[in-house]
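Here's the letter readout for the chains.
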Number of protein chains: 2
Amino acid sequence: MTEGHGDDVYRYAGQIKVNFSTNIWQYPDLSALKRFMMSRLDFVASYPEPEPYSLERHLADRLGIVDDQIMVTAGVTDAIYTIARDMAAGRRCGIVGPTFAEYADACVAAGNEPVYFSDAEKAASNADVVWLCNPNNPDGRATDAGWLSALISDRQSVMFVIDTAYSDYCRAGKLDMRAMSGHDNVILLHSLTKQFCVPGLRVGYMTAASENIRRLRRHRMPWAVNALASSCAEFLVDNPPVIPVDMLLAESARMQREIASMGYDVTPSATNFFLCAAPAGTAAGLKEWLVAHHGLLIRDASNFTGLTSRHFRVAAQRKEENDLLIDALREWIGKYC
Amino acid sequence: MTEGHGDDVYRYAGQIKVNFSTNIWQYPDLSALKRFMMSRLDFVASYPEPEPYSLERHLADRLGIVDDQIMVTAGVTDAIYTIARDMAAGRRCGIVGPTFAEYADACVAAGNEPVYFSDAEKAASNADVVWLCNPNNPDGRATDAGWLSALISDRQSVMFVIDTAYSDYCRAGKLDMRAMSGHDNVILLHSLTKQFCVPGLRVGYMTAASENIRRLRRHRMPWAVNALASSCAEFLVDNPPVIPVDMLLAESARMQREIASMGYDVTPSATNFFLCAAPAGTAAGLKEWLVAHHGLLIRDASNFTGLTSRHFRVAAQRKEENDLLIDALREWIGKYC
């Protein structure tokens, strides 16, 4: 799916005051990164490394794993498609959903017909490859790390692909990356977009046991990661922007309570973003109304498989901005419900 | 093949005075592009368009084609792999070679076993999909555009994939892109890397009939082209750096003559780069000797399928630099042959 994702602020040039349609913090201080980029503009005149080994070594070093347990990709999406190409052929793919559409799309592109399941255990009992986003997009549901770790150990014949893109925005226990790299039936996906608030860079990585990484690297085309993106990623690993996670989680919890109290159906979320359903009308109509009347952008979530035309997703931003959305949602429910 | 390509200057930090291993001009004035980039560093904080439609419209407008006859990719390599995935399955793939390794690698990655042919007509008589680099890498051979156009018209059941990456460095007649977009059996590949001397950006595009582009776009994953790369490409289309093509072609011709006169076997080239074979020893040995004794980097071409351990490729640069290489090659042949 190339259209219909969130953070489509590029469609509404000049109309948006606050962007809640993303699932990341909108106001990181990226000034140090920009200064670094200004010093590296010569990158355009040289080929990047054919494979981003320098960045892989740097990340592996920081993460305490060995460099053949990591593979850098052009964003997590690239990782998802690479895994699907390698593992989907002739195997039963199970997706724990509703969730990010690209797991299913990548499986379909690889000639597979994935099936959705409501939890990882059901998926593991019925599929050879299990795709799980943890914490989950769009609802912020966090699967318990201990339970998940036990499931992975128990189902050796199942390959678990676990997208941890949102784990930096969540206080729930995380799977131990180093321990997981010792299992040959789990691949963890990591997003620099989410971790460092840089969706424009297109860099992500996966960590897994060496034999899985070696196998996945065979699908890599040369020069897949832009040279500036790669060097920016190295910089960010050492100089991460500060993300006010505690504030965002407190605000998310407050927004969930207030919006639920108005009559919206809110799914409890452990992250900075959460899923709601309007009591009447459609998310698409609500989204257009919020843009037109308040300059606020939400994510129409009706195109997630398993959700309805009433579902939308919101990511907490600054307190005063969140208040604007809360007030606008109250105004809308008063008018139309 | 991710390792073993040319322009591996990143391996020899600080040792290289002149890089002949690339096939592009090393000294474009990219100062306007860099000023533009400095004004666009905010790109890191926002998702790019899911598909690079703005750049596609802009390019189509400049090229005089319609915007569903163009597909922008993350470099030509991405285009090659996308086409291979779509067209290679179950079809006979013929490659006109020796040539760029990625055509074969992309076919193999798609589960195909491509066969090499010495010219496009033989390939078209024995394959369903013909891959041709014109002018060709590594030898600069230019296939006549009129002859090729007639072959394309004559073999309606064969899909021709023609990589025109080097056509801006060649005065031989080119296929008419607009006319070719009217044929449903040809896809042209275009490289911004080569056209604008920006290998670090990773942007390319293909042009073809609308029905082929629609089909290929279905393979596109979202956000495949980095946001800064996409906006830089738009800038470059309107503000291309000046490439001294006439000087480079004259220097290439002079170098070919002088190097051939020493006893190297030089394949006549219509472009700024050309292929040589050492009369003795190996290209790998010559390459290391040139780096160690003169700080000059050439492309060991022995890993092109169909070439030998003695083959290397050189791209003309500035006259005085070319003289350094000519002198060094003369010294080597005096010492070792």
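Residues numbered from 1 in each chain as written. Chains lettered and ligands numbered in written order. Predicted model: local features only at pLDDT ≥ 70, side-chain atom pairs only at ≥ 80, totals over all residues. Heavy atoms only, no water.

(A) Region of interest: the state of the cysteines. Within this structure, the stated rule accounts for zero disulfides over all chains. Cys276(A) takes part in no disulfide bond, and the closest cysteine sulfur to it belongs to Cys337(A), at a distance of 13 Å. Of all cysteine sulfurs in the structure, the one in Cys232(A) sits closest to Cys232(B), which takes part in no disulfide; the separation is 12 Å. (Disulfide = S-S within 2.5 Å.)

(B) Representation of the relation of the copies chain A and chain B within the structure. Rotating chain A by 180° about the axis while translating it 0.0 Å along that axis superimposes it on chain B, leaving an RMSD of 0.0 Å. Expressed as an axis order, the relation between the two copies is that of a two-fold axis. Among all residues of chain A, the one whose C-alpha sits closest to the rotation axis is Met38(A), at a distance of 3.2 Å. With an isologous cut-off of 70% or more, the 100% of interface residues of chain A that recur at the interface of chain B puts this contact in the isologous class. (Least-squares fit on C-alpha atoms with pLDDT ≥ 70 in both. Contact = heavy atoms within 4.5 Å.)

(C) Molecular detail of the environment of Arg310(B). All names here are of chain B. Inspection of the secondary structure assignment puts Arg 310 in the loop between strand 12 (299–300) and strand 13 (311–315). Among all residues touching Arg 310, those that are not within four sequence positions of it are Cys 276, Ala 277, Ala 278, Pro 279, Ala 280, Gly 281 and Ala 283. There is a polar contact of 2.8 Å between the side chain of Arg 310 and the backbone oxygen of Pro 279. (Helix = DSSP H or I, 4+ residues; strand = E, 2+ residues; numbered from the N terminus. Polar contact = N/O pair within 3.5 Å; in protein donor to acceptor, adjacent residues only side chain to side chain.)

(D) Quick peek at the interface of chain A and chain B. At the junction of the two partners, chain A supplies 46 residues and chain B supplies 46 residues. When chain A packs against chain B, close to 4100 Å² is buried across both sides, 67% of that on carbon and sulfur atoms. Across the chain A-chain B interface, the total number found is two salt bridges. Lys34(B) is paired through a salt bridge with Asp42(A); the nearest N and O atoms lie 2.2 Å apart. At the boundary of chain A with chain B, the tally comes to ten residue pairs in polar contact (both at pLDDT 80 or more). Where the side of chain A that touches chain B is concerned, the elements lending two or more residues are helix 1 (31–38), helix 3 (75–87), helix 8 (192–196) and helix 10 (227–238) of chain A. Here the residues of the side of chain A that touches chain B are counted per class, giving 27 nonpolar, seven polar and twelve charged. (Buried area = accessible area lost by both parts, 1.4 Å probe. Salt bridge = Lys/Arg side-chain N within 4 Å of Asp/Glu carboxyl O. Nonpolar A, V, L, I, M, F, W, Y, C, P; charged D, E, K, R; others polar.)

(E) Structural detail: the packing of helix 1 (residues 31–38) of chain B against helix 10 (residues 227–238) of chain B. All names here are of chain B. Direction vectors running N to C along helix 1 and helix 10 enclose 135°, while the axes themselves pass 10 Å from each other. As far as their axial angle goes, helix 10 and helix 1 are oblique. When you trace helix 1 past helix 10, the crossing you get is right-handed. Of the residues in helix 10, those in contact with Ala 32, Leu 33, Phe 36 and Met 37 of helix 1 are Leu 228, Ser 231, Cys 232, Phe 235 and Leu 236. Of the residues in the contact of helix 1 with helix 10, the class split is eight nonpolar, one polar and no charged. (Axes fitted to C-alpha atoms, helices over the stretch in contact; angles between N-to-C directions. Parallel < 35°, antiparallel > 145°, perpendicular 65-115°, else oblique. Left-handed = near helix turned anticlockwise from the far one by under 90°.)

(F) Molecular detail of the pattern of salt bridges. All chains considered together, the criterion is met by 44 salt bridges over all chains. Of the charged contacts, one joins Arg254(A) and Glu258(A) as a salt bridge, the two residues approaching to 3.4 Å between their closest N and O atoms. Pair noted here: Arg254(A) and Glu258(A) are both in helix 11 (residues 245–261), with a separation of four residues, about one helical turn. In this structure Arg254(A) comes out as buried when scored by relative accessible area, which is 12%. Judged by relative accessible area, which is 28%, Glu258(A) ranks as partly exposed. Measuring nitrogen to oxygen at the nearest pair gives 3.5 Å for the salt bridge that ties Asp119(B) to Lys122(B). The exposure class of Asp119(B) is partly exposed, given its relative accessible area of 25%. For Lys122(B), a relative accessible area of 44% puts it in the partly exposed group. Connected through salt bridges with shared partners, the residues Glu251(A), Arg254(A), Glu258(A), Lys319(A), Asp323(A), Asp327(A) and Arg330(A) form a single ionic network. (Buried < 20%, exposed > 50% of the residue type's maximum accessible area, 1.4 Å probe, protein only.)

(G) View of empty space enclosed by the protein. A full pass over the atoms with the stated rule returns five cavities of 30 Å³ or more. Empty space within the largest cavity amounts to approximately 330 Å³. Lining the largest cavity are 23 residues, and of these Asp78(A), Arg85(A), Met221(A), Asp78(B) and Met221(B) sit closest to its centre. Breaking the lining of the largest cavity down by element, the ones donating at least two residues are strand 2 (70–73) and helix 3 of chain A together with strand 2 (70–73) and helix 3 (76–87) of chain B. Per-element tally for the lining of the largest cavity: the top contributor is helix 3 of chain B, with four residues. (1 Å grid on protein atoms, 1.4 Å probe; cavity = no way out; pocket = protein on both sides within 12 Å on 5 of 7 lines; lining within 4 Å. Points joined across faces, edges and corners; volume = space filled by probe spheres on them.)

(H) Here's a closer look at the pairing of strand 2 of chain B. All names here are of chain B. Every second residue of strand 2 is oriented toward a common face, with Ile 70 and Val 72 on one face and Met 71 and Thr 73 on the other, all of them buried. In this sheet, strand 8 (residues 204–208) lies alongside strand 2 in antiparallel orientation, the contact comprising four bridges. Looking across to strand 8, one finds that Met 71 is bridged to Met 206. (Pairing = 2+ DSSP bridges.)

(I) Layout of the sheet that holds strand 13 of chain B. All names here are of chain B. Across the sheet, which stays open at both edges, the four strands sit in the order 9-10-13-12 with antiparallel pairing between neighbours. Of all the strands in the sheet, just strand 9 (265–267) and strand 12 have a single pairing partner and so form its edges. As defined by bridge partners, strand 10 (residues 273–277) adjoins strand 13 across five bridges and the pair is classed as antiparallel. When the sheet's bridge partners are listed, Phe 274 is paired in strand 13 with Val 314.

(J) Structural detail: unusual backbone geometry. A cis amide bond, omega 20°, links Asn137(A) with the succeeding residue Pro138(A). Among the structural elements, Pro138(A) can be located in the loop between strand 5 (129–133) and helix 6 (145–154). Even without glycine at this site, Trp223(B) takes up a positive phi of about 60°. Within the fold, Trp223(B) resides in the loop between helix 9 (210–217) and helix 10. Look at Trp223(B) and you get buried, because its relative accessible area is 6%.

(K) Local environment of the sheet that holds strand 3 (residues 93–96) of chain B. Residue and element names in this part refer to chain B. One open sheet holds the seven strands; their spatial order is 2-8-7-6-5-3-4, and the pairing between them is mixed. Where the open sheet ends on each side, the last strands, each with one partner, are strand 2 and strand 4 (115–117). Going across the sheet, the axis of each strand differs from the next one's by a mean of 20°, ignoring polarity. Here strand 6 (residues 159–163) runs beside strand 7 (residues 186–191); their pairing, made up of four bridges, is parallel. Residue pairing for strand 7: Asp 163 is matched across the bridge by Leu 189. Sheet strands touched by helix 3: strand 2, strand 5 (129–133), strand 6, strand 7 and strand 8. Its angle to strand 7, the strand with the most contacts, is close to 160°. Contacting strand 5, strand 6 and strand 7, helix 6 (residues 145–154) runs over the sheet at an angle of about 155° to strand 6.

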